[in-house]
Amino acid sequence: MKLSRILIVGLGGFLGAALRYIISSVTAKYFGDFPIGTLIVNVAGGFIMGLIMEASNSIWPISTDVRLFLTTGILGGLTTFSTFSYETVSFLSEGEYLVGGLNAGLNLSLALFACWLGRLVVIKVV
C-alpha cells in the first residue's frame, strides 16, 4: 500500500464529502425532512461509478491513481450508505414505515439503475 495512493484517496474523499454536505444542506432547505440530498448523491454516485468503471475498462483508459481518486475517493466520500442506513432506521423507529420504505426503495433501486445506466451509456458509445 503506497502512501501516495492513501493521500490520493483521502483528497478525493474530502472533495466528495464536502460536495455531499453542500448538496444535503441545499436540498434540506427546499425539501424539508425527507433526505432527498442523500438520494441525489446515491443515484448520481451510482451513475458516475458505472460510467467511470465501464469507460476506464474500454474507451477511456485511466491510471489506477486517477481511478482511485475518482471512485474510492470522490464517490466514496460523496455516496452515503451509512447515512442512508441511519436515516431509514430513524424513519422506521419513529413509526414512519411508509417514508422509511420509500427512502430505502428509492435509494437502492435508483442507485442500482443509475449504475447500470452509466455502464450502458459507455457500452453504447463504443
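So, how was this worked out
Residues numbered from 1 in each chain as written. Predicted model: local features only at pLDDT ≥ 70, side-chain atom pairs only at ≥ 80, totals over all residues. Heavy atoms only, no water. Helix = DSSP H or I, 4+ residues; strand = E, 2+ residues; numbered from the N terminus. Buried < 20%, exposed > 50% of the residue type's maximum accessible area, 1.4 Å probe, protein only. Contact = heavy atoms within 4.5 Å. Areas by Shrake-Rupley, 256 points an atom, 1.4 Å probe, with all protein chains shown as cover. Lys, Arg positive; Asp, Glu negative; His and termini not counted. Charge placed at Lys NZ, Arg CZ, Asp CG, Glu CD. Salt bridge = Lys/Arg side-chain N within 4 Å of Asp/Glu carboxyl O.

A.B. asks: Teacher, can you tell me more about the overall build of the chain here?
C.D. replies: Broken down by element type, the chain carries five helices and zero strands. Reading the helices (α) and strands (β) of the chain from amino to carboxyl end gives α-α-α-α-α. The buried share among the 126 residues of the chain stands at 31%. Within the chain, counting contacts between residues at least 6 apart in sequence, those at least 24 apart form 71% of the total. Taken as a whole, the chain presents about 7600 Å² of accessible surface, with 72% of it coming from carbon and sulfur. Across the chain, the mean location of the 7 positive side-chain charges is 18 Å away from that of the 6 negative side-chain charges.

A.B. asks: I tried to follow the pattern of salt bridges on my own but got confused; where do I start?
C.D. replies: Close approach of charged atoms lets side chains of opposite charge pair. Taken as a whole and judged by the stated rule, the model has two salt bridges. We note a salt bridge from Glu54 to Arg119, for which the minimum N-O separation is 2.8 Å. Of this pair, Glu54 sits in helix α2 (residues 36-57) while Arg119 sits in helix α5 (residues 97-125); the two residues are 65 residues apart in sequence, bridging distant segments of the chain. Relative accessible area serves as the criterion here: at 40%, Arg119 is assigned to the partly exposed category.

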